[in-house]
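In case you want the letters, here they are:
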Amino acid sequence: MNILIVDDHAVVRQGYASLLSTVLSPCVVREAGNGDQAYIMCQEDAPQVMIMDVNMSGISGIEAARRILERFPDVNVLFFSMYDEVPVVTQALNTGARGYITKSCTPDILIEAVKKVSTGQLYVEHELAMRLVVSRPEQKDQRLRDMTQREFEIFVMLARGLSVKEISDELCISNKTVSNYTAILKSKLNMTSTAELVHLAIEEGLVKVGVE
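The structure contained in this document is the topic of the report that follows. This is a predicted model, so every value here is computed, not measured. (Residues numbered from 1 in each chain as written. Predicted model: local features only at pLDDT ≥ 70, side-chain atom pairs only at ≥ 80, totals over all residues. Heavy atoms only, no water.)

## Quick notes on empty space enclosed by the protein
Phase 1 of the analysis: One pass over the full model with this rule turns up one cavity of 30 Å³ or more.
Phase 2 of the analysis: Approximately 40 Å³ is the volume found for the largest cavity.
Phase 3 of the analysis: Around the largest cavity, the lining residues are Ile5, Val6, Asp7, Val12, Tyr16, Ile51, Met52, Asp53, Phe80 and Lys103.
Phase 4 of the analysis: At the level of secondary structure, the elements contributing two or more residues to the lining of the largest cavity comprise strand E1 (2-6), helix H1 (10-23) and strand E3 (49-52). (1 Å grid on protein atoms, 1.4 Å probe; cavity = no way out; pocket = protein on both sides within 12 Å on 5 of 7 lines; lining within 4 Å. Points joined across faces, edges and corners; volume = space filled by probe spheres on them. Helix = DSSP H or I, 4+ residues; strand = E, 2+ residues; numbered from the N terminus.)

## What about the environment of Arg98?
Phase 1 of the analysis: Inspection of the secondary structure assignment puts Arg98 in the loop between helix H4 (86-93) and strand E5 (99-102).
Phase 2 of the analysis: Note: C-alpha distance between Arg98 and Pro26 (72 residues apart in sequence) is 22 Å.
Phase 3 of the analysis: Setting aside its immediate chain neighbours within four residues, Arg98 contacts Asn76, Val77, Val117, Gly120, Gln121, Leu122 and Tyr123. (Contact = heavy atoms within 4.5 Å.)

## Examining the packing of H1 against helix H5 (residues 107-118)
Phase 1 of the analysis: Look at H1 against H5: their axes get within 11 Å of each other, and the N-to-C directions meet at 65 degrees. One element, H1, and the other, H5, form an angle in the roughly perpendicular class. Classified by chirality, the crossing of H5 by H1 is right-handed. Each of Tyr16, Leu19, Leu20 and Val23 in H1 lies in contact with H5, whose residues at this interface are Pro107, Leu110, Ile111 and Val114. (Axes fitted to C-alpha atoms, helices over the stretch in contact; angles between N-to-C directions. Parallel < 35°, antiparallel > 145°, perpendicular 65-115°, else oblique. Left-handed = near helix turned anticlockwise from the far one by under 90°.)

## Observations concerning the sheet that holds E3
Phase 1 of the analysis: Taking strand neighbours across the sheet as the criterion, the six strands line up as E2-E1-E3-E4-E5-E6 in an open arrangement whose pairing is parallel. The open sheet has two free edges, formed respectively by strand E2 (28-32) and strand E6 (123-124), since each of these has just one partner strand.
Phase 2 of the analysis: In this structure, E1 lies alongside E2, joined through five bridges in parallel fashion. Of the residues in E2, the one forming a bridge with Ile5 is Glu31.
Phase 3 of the analysis: Sitting on the sheet, helix H2 (residues 35-44) touches E1, E2 and E3, and the angle it makes with E2 is about 140 degrees.
Phase 4 of the analysis: The sheet contacts of H4 involve strand E4 (76-81), E5 and E6, and relative to E5 the element is tilted by about 145 degrees. (Pairing = 2+ DSSP bridges.)

Here's what the structure looks like:
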C-alpha cells in the first residue's frame, strides 16, 4: 500500500508513519508538510491513500484535497483531524474524500479506516457518523441515533441492496450474524421487510435512488 501523510507537524507525521509501516507492512509511507507539497508528490507518484489534516499552514487540508481530487480522482483521501464539528466534517467529505476520523481516536480505528478507504469504501468514525445523521435538518426519524456502529453499517448496506452473503464477506462475519442483525434492526425500527429499511434510508438521505 502506498500512503501519504499530510500534516504540518513533523512529530505527528513521523509517529503515525511508524505505526502504519509496522502494522500494515509491507507498505510505503511518505510524508508531506502541507497541501502544496502533497500536490507535488501526487504528480510524482499518486498514493493509494492520503491521510490529510484539515488545519495546516498555507492552504487548508479541505482545499488541498479538493485540488488533488480534481487532478487525481483515484486517490482515497482520509481526513484525520482534531476538529469534530459537523459542518467541518461535512465540508471535508464534500471534497470527495472517502473518510473522516479524529485525532482522539484509538490506533485501531486509524488502521481500520486506512484499510477501508484503501479499497474505495467510505469510513466515518462512528460518533461522527451518528452526529452527521442526526444533524440533518430534513431528518424525520431519530431512531437511527440509537443504532450501534455495526447495526448502522448493516442498515446502510441492506439499504444499498447488498445481499446477506455480500455483507458477511465485506464485514468478515457469518451469514447468521448478518441475519441476526437484520432481525434486530427490523425489530428496533418496527419494520417487517427489507424494502421498508430501504425506504427509510432513502427518506433520510443515506441512499440516493439511481446513484451508485
